[in-house]
Amino acid sequence: MTVMRSPEREMGAAARRLIEGPTCYIDGGWETGAGDQVLTSVNPTTTATIRDIPVASVGQAERAVLAARRAFDEGPWPKVTPRERSDLLLELADVMERNAEDLIEIVVTEVGAPVTLTRVMQIGMPIANLRWAAEMAIKGPQGGYEEALVPNLSEPASSSLLQRVPVGVVSGITGYNFPINSVIWKLGPGLAAGCTLVFKPSPRTPLSTMARVKMVEQVGLPPGVVNFVIGDTDAGEVLASHDAVDMVMFTGSLGVGRRIMQSAARTTKRLVLELGGKSATILLPGADIAELTGPSIMRWARNSGQGCGATTRTLVPRAAYDEYAASAGAYIENLHIGSPWDETTDLGPLIRAAQRDFVEGHVTRAVERGATLIAGGGRPDGFDGYFMNAALIGNVDNSDEISQEELFGPVGVLLPYDDVEQAIKIAHDSPYGLHGAVYGPPVEAYEVAKRLRTGAVSINGGGFMRPEGPWGGFRLSGMGREMGDDGYREFFQVKHIQWPMR
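All of the points below concern the structure found in this document. Computed from a prediction, not measured in an experiment: that's the story for all the values here.

1. With respect to the overall build of the protein chain
Link 1 in the chain: In terms of helices and strands, the protein chain carries 16 helices and 24 strands.
Link 2 in the chain: Dimensions along the principal axes, computed over C-alpha positions, put the protein chain at roughly 75 × 60 × 40 Å.
Link 3 in the chain: Looking at the protein chain residue by residue over its 502 residues, the buried ones come to 59%.
Link 4 in the chain: When contacts within the protein chain are restricted to residue pairs at least 6 apart in sequence, those whose partners lie at least 24 apart make up 74%.
Link 5 in the chain: A distance of 5 Å separates the average location of the 46 positive side-chain charges in the protein chain from that of its 59 negative side-chain charges.

Have a look at this one:
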């Protein structure tokens with residue numbers, strides 16, 4: 001791999017102001033975390049400390065939840081019309097667009113995502129999602145805010161309508177890999193529906209979310225409509241279990257998602273959980289290996305593999321295995337790894353040393369058990385940050401640990417198959433079901449895509465993630481959906497109102 005050693009950029013004064021000062025936003029005001037712990041935000045490219053953050057106390061997390069409850073039950077927010085909610089969301093998108101360069105600086109510094117990816121997916125996509133949410137505020141959920149039913153003419157005759165009302169207070173516990181979009185997928189539709197919200201970001205990337213909340217503050221929402229705490233596990237427990245919370249939304253690991261389910265069970269809260277995946281790419285017989293090697297590798301290497309929908313299992317016809325391996329070796333050798341500020345960088349660092357150790361440990365164990373390192377592997381020289389080279393692993397079975405566990409790193413496995421039925425069987429042989437990709441003749445690829453038990457499938461590269469497309473998974477990948485009509489519907493309860501016909 002080509003190593004890029006461009007000098008690192010210092011964060012500008014405007015971006016720095018967005019991550020300075022008190023770090024908890026409760027009931028319309030900022031305050032310093034009063035907890036016992038201090039969280040350190042680290043630049044994964046250089047390992048330098050960005051800032052130390054006193055975490056929120058349990059009491060602050062509780063006050064944030066109660067502020068959201070009051071704002072939903074008693075404040076002016078319930079009287080705000082759909083058109084007014086839409087206008088606020090459009091203003092929020094405009095604020096974000098005007099401050100896009102500052103947000104890019106913060107995300108590149110805190111996440112380590114390459115600047116080219118950050119512009120489009122970390123910043124551009126959330127802006128588009130906010131504008132979509134503004135449209136949904138006016139459109140309403142499927143069926144509308146009120147939907148008249150056909151009169152029931154049997155005795156006693158009656159008329160009915162369905163009223164769709166906001167679910168209430170929503171807590172959002174978000175992931176580190178796409179920190180702003182992880183918030184916007186909850187914030188935009190939540191505000192569009194008329195909910196109030198409390199957020200706790202990942203402790204690995206809290207400042208990106210904090211900067212976004214400062215922009216929310218600029219649009220003049222009533223106090224308590226949006227609240228934010230940087231906290232530890234205790235604060236997360238409050239957001240997951242508090243009686244005043246109506247719905248919990250979480251993006252992250254399976255283990256944390258299971259704990260959230262247990263915490264929410266006492267009050268049977270609605271849950272929307274996106275818990276990752278171990279997705280598969282299927283290259284159908286006859287697919288152009290040379291043309292498709294690069295796109296199929298970037299589906300698991302992009303953002304240094306830190307993506308829930310990364311298709312880290314690549315399935316190829318057995319007869320094409322050696323050709324793909326050779327092509328992959330050449331492609332991975334030419335990937336650019338290094339400073340995320342370099343416009344030619346393909347892979348930046350992983351988020352932390354512990355995450356890199358976790359990923360490398362899986363590679364080491366796989367090789368010790370007989371796997372082959374087809375391409376890549378190891379660490380690039382000359383970096384202080386948490387870099388590792390992309391690695392493609394072969395001579396493994398789909399039942400092996402490295403083929404079954406989500407790694408969140410730039411590591412893929414190559415698996416041969418004998419016929420398409422076997423390929424589909426291998427793709428389904430996973431506890432997850434979040435995403436899939438199929439390459440090949442369009443008609444054949446479409447037929448395979450329809451059979452895959454995953455929340456989303458991309459055919460021949462698919463396209464850019466679109467707000468209208470719901471995201472979520474089957475099985476251990478979670479429950480519920482975000483974005484699209486199906487995701488918007490999560491923010492509503494439906495009520496049946498009926499009366500006698502006279």
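2. Concerning the environment of Ser 327
Link 1 in the chain: You can see Ser 327 is positioned in helix α11 (residues 321-333).
Link 2 in the chain: For the pair formed by Ser 327 and Gly 294, sequence separation is 33 residues and the distance between their alpha carbons is 8.6 Å.
Link 3 in the chain: Discounting chain neighbours no more than four positions away, the residues touching Ser 327 are Ile 289, Ala 290 and Thr 293.

3. Brief notes about the packing of aromatic side chains
Link 1 in the chain: Tallied over the entire structure, the rule returns 7 aromatic pairs.
Link 2 in the chain: An angle of 75 degrees between the planes, with centres 5.8 Å apart, marks the rings of Tyr 176 and Phe 408 as edge-to-face. Of this pair, Tyr 176 sits in the loop between β8 (169-173) and α6 (179-193) while Phe 408 is found in the loop between α13 (401-404) and β18 (411-417), placing the two residues 232 residues apart along the sequence.
Link 3 in the chain: Taking the centre distance of 5.0 Å and the plane angle of 85 degrees together, the rings of Tyr 488 and Phe 492 count as edge-to-face. We note that Tyr 488, like Phe 492, is buried.

4. Remarks on helix α9 (residues 254-265)
Link 1 in the chain: The end-to-end C-alpha separation of α9 is 16 Å, in line with the 16 Å expected for 12 residues at 1.5 Å each.
Link 2 in the chain: Of the residues making up α9, those classed as buried are Leu 254, Gly 257, Ile 260, Ser 263 and Ala 264.
Link 3 in the chain: Elements that come into contact with the buried residues of α9 comprise β8, α8 (233-241), β11 (247-251), β12 (270-274) and β19 (432-433).

5. What about the sheet that holds strand β24 (residues 492-500)?
Link 1 in the chain: If you walk across this open sheet you meet the 3 strands as β6-β7-β24, and the pairing is antiparallel. Every other strand in the sheet has two partners, leaving β6 (146-148) and β24 as the edge strands with one partner each. Neighbour to neighbour, the strand axes of the sheet diverge by 20 degrees on average, direction disregarded.
Link 2 in the chain: Note: strand β7 (residues 158-166) against β24, 9 bridges, orientation antiparallel. Residue pairing for β24: Arg 164 is matched across the bridge by Val 494.

6. As for the nonpolar core
Link 1 in the chain: With 79 residues, the main nonpolar core has Ile 123, Val 170, Leu 187, Leu 191, Leu 221, Val 226 and Phe 491 as its most contacted residues.
Link 2 in the chain: Once residues within four sequence positions are removed from consideration, Leu 191 is found in contact with Trp 77, Arg 85, Leu 89, Leu 197, Leu 221, Val 225 and Val 226.

7. Quick word on the sheet that holds strand β14 (residues 313-317)
Link 1 in the chain: Pairing is mixed across the open sheet formed by 7 strands, whose spatial order is β16-β17-β18-β14-β13-β20-β21. Looking at which strands have only one partner, the edges of the open sheet turn out to be β16 (372-376) and β21 (456-459). Taking the axes of each pair of neighbouring strands and ignoring which way they run, one obtains an average angle of 20 degrees across the sheet.
Link 2 in the chain: Where strand β20 (residues 435-439) and β21 come together, 4 bridges link them in parallel fashion. When the bridges of β21 are listed, Ala 437 appears paired with Ser 458.
Link 3 in the chain: Of the strands in this sheet, β13 (280-283), β14, β17 (391-394), β18, β20 and β21 touch helix α10 (residues 289-301), which is tilted by about 170 degrees from β20.
Link 4 in the chain: α11 contacts β13, β14, β16, β17 and β18 of the sheet and is inclined by roughly 40 degrees relative to β16.

8. Looking at the pairing of strand β5 (residues 49-54)
Link 1 in the chain: As judged from the 5 bridges shared by strand β4 (residues 38-42) and β5, these two strands associate in the antiparallel manner. Its bridge partner being in β5, Leu 39 is matched across the sheet by Ile 53.
Link 2 in the chain: Here β4 folds back onto β5, and the loop between the two strands holds 6 residues, one of which, Thr 47, carries a positive phi near 70 degrees.

9. Digging into α10
Link 1 in the chain: For α10, built from 13 residues, the straight-helix expectation of 18 Å at 1.5 Å per residue is met to within 8% by its first-to-last C-alpha distance of 18 Å.
Link 2 in the chain: Burial runs high along α10: 10 of the 13 residues are buried.
Link 3 in the chain: Of the residues flanking the end of α10, it is Asn 303, one or two places downstream, whose phi is positive at about 60 degrees.

Quick notes on the rules
Residues numbered from 1 in each chain as written. Predicted model: local features only at pLDDT ≥ 70, side-chain atom pairs only at ≥ 80, totals over all residues. Heavy atoms only, no water. Helix = DSSP H or I, 4+ residues; strand = E, 2+ residues; numbered from the N terminus. Buried < 20%, exposed > 50% of the residue type's maximum accessible area, 1.4 Å probe, protein only. Contact = heavy atoms within 4.5 Å. Lys, Arg positive; Asp, Glu negative; His and termini not counted. Charge placed at Lys NZ, Arg CZ, Asp CG, Glu CD. Phe/Tyr/Trp six-rings, centres within 6.5 Å; stacked < 30°, edge-to-face > 60°. Expected span 1.5 Å × (residues − 1). Pairing = 2+ DSSP bridges. Axes fitted to C-alpha atoms, helices over the stretch in contact; angles between N-to-C directions. Core = buried A, V, L, I, M, F, W, Y, C linked by side-chain atoms within 4.5 Å.

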